[in-house]
Amino acid sequence: MVWTGTWVAERLGVELIGGEELPALLGLALRRNPKRAHLLVSSVLGKHVPQRPSVVYGSGLGLGVRVRELLGDEEAARSVVLGYAETATALGHAVADGLGLAPYLHSTRRPVAGVARAGGFEESHSHATSHLLLPEDPKLLAGGGPLVLVDDEFSTGNTVLNTIRDLHARYPRERYVVVALVDMRSTADLGRLDAFAEEIGARVDLISAAAGTVRLPEGILEKGQALVAEHEKAYGAKAAGAVTGAREPVRVTLDWPEGLPDGGRHGFTPEHRELLEAALPGLAAGLGKALETAPGADREASASPRTPGGRGGRGVLVLGFEELMYAPLRLATALEETGHDVHYSTTTRSPVLAVDDPGYAIRTRLVFPAHDDPADGPGERYAYNVAGGGFDAVVLVVDSAADTPELHAPDGLLAQLAAHVPRVVLAVVPSYAPPAVPSCKPTVSEASEDPEALEAPEAPERSSMLPEPLRGPAFSSYAPEEVGWLLQDLSGVELEAPTEEREEAIQSGGAHYAESLPVEYQPSARYQDLFHSALEGSAARIARAVGTVTETVLAERPGRVPVLVSLARAGTPVGVLMRRWAKARHGLDLPHYAVSIVRGRGIDANALRWLAAHHDPADVVFVDGWTGKGAITRELAEAVKEFEAAEGIAGFDPEIAVLADPGSCVRTYGTREDFLIPSACLNSTVSGLISRTVLRSDLVGPNDFHGAKFYRELAGSDVSVAFLDAVAARFDEVTEGVELDVKELLAADRTPTWEGWAAVERISEEYGIHDVNLVKPGVGETTRVLLRRVPWKILAKRGADADLAHVRLLAEQRGVPVEEVDELPYSCVGLIHPQYTRGATGADGKTVVSQ
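Here's a quick rundown of the structure. Since this is a predicted model, take the numbers as computed values, not measurements. (Residues numbered from 1 in each chain as written. Predicted model: local features only at pLDDT ≥ 70, side-chain atom pairs only at ≥ 80, totals over all residues. Heavy atoms only, no water.)

What follows is about the pattern of salt bridges. A pair can form between side chains of opposite charge whenever their charged atoms are brought close. Evaluation of the coordinates by the stated rule reveals 40 salt bridges. Between Arg330 and Glu277 there is a salt bridge, with its nearest N and O atoms 2.8 Å apart. Remark: Glu277 occurs in helix H8 (residues 270–293) and Arg330 occurs in helix H9 (residues 326–337); sequence separation between them is 53 residues. The salt bridge partner of Glu819 is Lys793, with a shortest N-O separation of 3.6 Å. Residue Glu819 is found in strand E31 (residues 818–821), and its partner Lys793 is found in strand E30 (residues 791–797); the two are separated by 26 residues along the sequence. Each of Asp97, Arg273, Glu277 and Arg330 takes part in a single network of salt bridges with overlapping partners. (Salt bridge = Lys/Arg side-chain N within 4 Å of Asp/Glu carboxyl O. Helix = DSSP H or I, 4+ residues; strand = E, 2+ residues; numbered from the N terminus.)

Under the definition given, this model contains ten aromatic pairs. Ring centres of Trp7 and Tyr360 lie 5.2 Å apart, and the angle between their planes is 80 degrees; on these two criteria the pair is classed as edge-to-face. Placement of Trp7 in helix H1 (residues 6–12) and of Tyr360 in the loop between strand E13 (342–346) and strand E14 (365–369) is noted, with a sequence separation of 353 residues between them. Put simply, the rings of Phe475, Tyr478, Trp485 and Phe710 touch in pairs and so form one group of aromatic residues. Arg585 extends its terminal NZ or CZ atom over the ring of Trp581, reaching a point 5.9 Å from the ring centre. (Phe/Tyr/Trp six-rings, centres within 6.5 Å; stacked < 30°, edge-to-face > 60°. Lys NZ or Arg CZ within 6 Å of the ring centre and 35° of its normal.)

Turning to the pairing of strand E12 (residues 316–320), a few remarks are in order. The element E12 is largely enclosed, with a buried count of five among its five residues. The alternating pattern of E12 places Val316, Val318 and Gly320 on one face and Leu317 and Leu319 on the opposite face, and all of these are buried. Two elements, E12 and E13, share five bridges in a ladder whose sense is parallel. If you follow Leu317 over to E13, its bridge partner there is His343. In this fold, E12 hands off to H9, which returns the chain to E13; that crossover is right-handed. Bridge analysis of E12 against strand E16 (residues 393–399) gives four bridges, and the strand direction is parallel. By the bridge assignment, Leu319 is partnered in E16 with Leu396. (Buried < 20%, exposed > 50% of the residue type's maximum accessible area, 1.4 Å probe, protein only. Pairing = 2+ DSSP bridges. Right-handed = clockwise from strand over helix to strand, strands pointing away.)

One open sheet holds the six strands; their spatial order is E1-E10-E9-E8-E4-E5, and the pairing between them is mixed. Looking at which strands have only one partner, the edges of the open sheet turn out to be strand E1 (15–18) and strand E5 (104–106). Looking at each pair of strands side by side, their axes are set apart by 30 degrees on average, direction ignored. Pairing geometry for E1 and strand E10 (residues 203–215), over four bridges, is antiparallel. Across the sheet, residue Ile17 finds its bridge partner in E10, namely Thr213. Seen against the sheet, helix H5 (residues 158–170) touches strand E4 (80–83), strand E8 (147–154) and strand E9 (175–183) and runs at an angle of roughly 160 degrees to E8. (Axes fitted to C-alpha atoms, helices over the stretch in contact; angles between N-to-C directions. Contact = heavy atoms within 4.5 Å.)

Our focus in this paragraph is the sheet that holds E31. Ordered by their spatial adjacency, four strands build an open sheet running E29-E32-E30-E31, and the pairing between neighbours is mixed. Each having just a single partner strand, strand E29 (775–777) and E31 make up the two edges of the open sheet. Strand after strand, the sheet turns through a mean of 20 degrees between neighbouring axes, direction not considered. Relative to E31, E30 runs parallel, the two being bridged by four bridges. Following the sheet pairing, Ala796 is matched in E31 by Glu820. Here helix H20 (residues 755–766) sits on the sheet and contacts E29, E30 and strand E32 (828–832); the angle it forms with E29, its principal contact strand, is near 140 degrees.

Okay, helix H6 (residues 192–200) next. Listing the buried residues of H6 in full gives Leu193, Phe196, Ala197 and Ile200. The buried residues of H6 all sit within an arc of 100 degrees when viewed along its axis, so they share a single face. Along H6, exposed side chains directed more than 90 degrees from the buried face belong to Asp194, Glu198 and Glu199. (Arc of directions from axis to C-beta.)

In this structure, Val81, Val395, Leu396 and Leu417 are the most contacted members of the largest nonpolar core, which totals 103 residues. No other element matches H8, which puts eight residues into this core. The contact partners of Leu417, leaving out residues within four places of it in the chain, are Leu319, Leu366, Val386, Val394, Leu396 and Val424. Of all hydrophobic cores here, the second largest spans 57 residues; its members include Leu495, Val553, Leu577 and Leu695. (Core = buried A, V, L, I, M, F, W, Y, C linked by side-chain atoms within 4.5 Å.)

Below, the discussion takes up the packing of helix H3 (residues 53–77) against H9. Relative orientation of the contacting elements H3 and H9 amounts to 120 degrees, with a least axis distance of 8 Å. One way to sum up the angle between H3 and H9 is to call them oblique. Crossing hand, H3 versus H9: left-handed. Across from Pro53, Ser54, Val56 and Tyr57 in H3, the residues of H9 making contact are Tyr326, Leu329, Arg330, Ala332, Thr333 and Glu336. (Parallel < 35°, antiparallel > 145°, perpendicular 65-115°, else oblique. Left-handed = near helix turned anticlockwise from the far one by under 90°.)

What follows covers helix H15 (residues 571–586). In an α-helix, one turn spans 3.6 residues; hence positions three or four apart end up facing the same way. With 16 residues, H15 should reach 22 Å at 1.5 Å per residue; the first-to-last C-alpha distance of 22 Å fits that figure. For H15, a buried count of twelve out of 16 residues is recorded, marking the element as mostly surrounded by other parts of the structure. Of the positions making up H15, those classed as buried are Gly571, Thr572, Pro573, Val574, Gly575, Val576, Leu577, Met578, Arg579, Arg580, Trp581 and Ala582. Just past H15, the residue Gly587 takes up positive phi, approximately 70 degrees. (Expected span 1.5 Å × (residues − 1).)

This is the structure we're talking about:
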């Protein structure tokens, strides 16, 4: 017998390492997926390779029995089983059946109107990554018993860790059990589960049917993609159009029990299992009768040269549909028990290369359009190893949501099946729609009796599921626990433009500033020395402001755990420092995220949706570095108002907590002095190597996070962590000062006066600019002007030299005049040239130049 991984192994050097049972359980194929080259193809899962249903079901049952033995009956009865869509939905069901005492839920990629999310997570290597958890009973995952997580393959552990991380934050528990058909972790990944378990303070066990690993040669992704491209062209497997001359399928009406879910999308209890078991004999009898009367029953099944072993007449294939795997599997097992020769597999979203070779796991591929109105839009779907399989008949089992015109179209799945199999029977299971779903949120009276009962409101379902936050070191040089970036990574996109070209485009109305990035300023040795000396001189001052603003935030929310949401990117170092203060002084581990806000376009609404789905909006505290004239403060207030009106999600407080508020624009701040914050002196190299955020229609869709770049190539100049460490090292010495500041602030009238905005308007008119957006007040904003824009002149408050050394150096390097001014409410103000073109001149009549 030829191993079905030979073809890939010989061409790419992939090695399957493990016991003798592994080649019998796994073959290899190539994905048509830019994230991962190879696919482990299970011979006992019933997804890509038709298999006896008793073998498929028995594999999961056996694992479930082992879980029950591990937990014991008492803990097994308190447990919940969670399977992964789409591949492991039936496997998870079977594990739950073997466990016998636990309810079952599987993740889904199909949003369902009216059903609130209980969580979501990412499967980063998958073709379709985002998973939703939509239990009918919101309390299903809220118990304290063990959570059993079931997937077909356990490789890096990323999917499981994403799941546990999301759910443990909402529903912490003491024990998790991970179940997989095969444990394929590399040596580097073996310790991750133990380390993670220690991190969250829970026990995590792993059970698998077999273990091994895959050794991948260097450059496999590129080599695999080249091999796929070569053979795709030769295979020519895309549907060429309508299929003609095929017989009409027979529709069988299943006597499906009323109220019985079609699967575990919304939960499947032991009582549901008993109801299904009682109904299976009658359901199998109905299928058997339909097979006997189907047109073509008298036709002789012809063998195909692509049939494994060249065999024809393989009996019946029961074909499930994407996530709908368990109901077809149980129908197949019941049909098998009546004496029929039955195999089982399902259709899939996963694009895989098909190669007609005995040493390759995916021999043939049927391609057809999606037929269930998918949330992510129309697209191709696939059935593998069906064409040329020599089956006498196929029973296609779908739910009623997928029984659409697309299914019956000339190029649809039914027509494709009829062209390759003599008899086609269509069995439709009613799609289970939960009745009115109880809210997770208690009534006001319940909350008053038990304040801790108040749970986070859920975001409405979207047509696109949002990914988990990006974290270092994959994105940013910050530690992963320091901040989660609610952004998409655009590192591979060329976005930088020369400063002068950007300024001309922005002021002419030809482009928005967020549609491109300035070329990253590379500081001279002299400028870097200024940064380090400024940091040394101001670290204690910054630490005191960090402590003051953090303690104020905590004092304003007694008994609650704030969720820090920094406005990327200037707010991010401040948010990290606030998180460090709360950890050091109070032992609090505050969640911290960074989101994008763009002047004139508002905050990233998808980021707000993600936050509302994972946290109580009332706990969110927006964080920024400093205020200038208060434009972002006003932008955020308006954006939150629009978001609440559009989404029906209330609770976000648009108030910003800042380190410095020289413009008197907010109520929560560390100081209202305009002093040098060294993080304003640099760009990405003091902000985790992350760029400004980007919002451009060709890169950011309506359901995407805003974008940003990770400048990995600047790692040699990165001082992000050094800045944080230098400030945090001064926390202890400023504690007494912070206590005094907070006491005074809480007793003071902190109502914003907006004196900064008034000053900006006055300066705008006095200097003939007539556009407040070109007036950038404060040390931080002035520094940004000199680093990113085309400055006209700098106004410096007389006597503020201590905080302006770097501003004067930058102005000198760029040939920008510095004008000393009395009675300025800021230490300095940067003026952008009001009518900039590449031939524009500065105040002295000379052309503005960039150095």
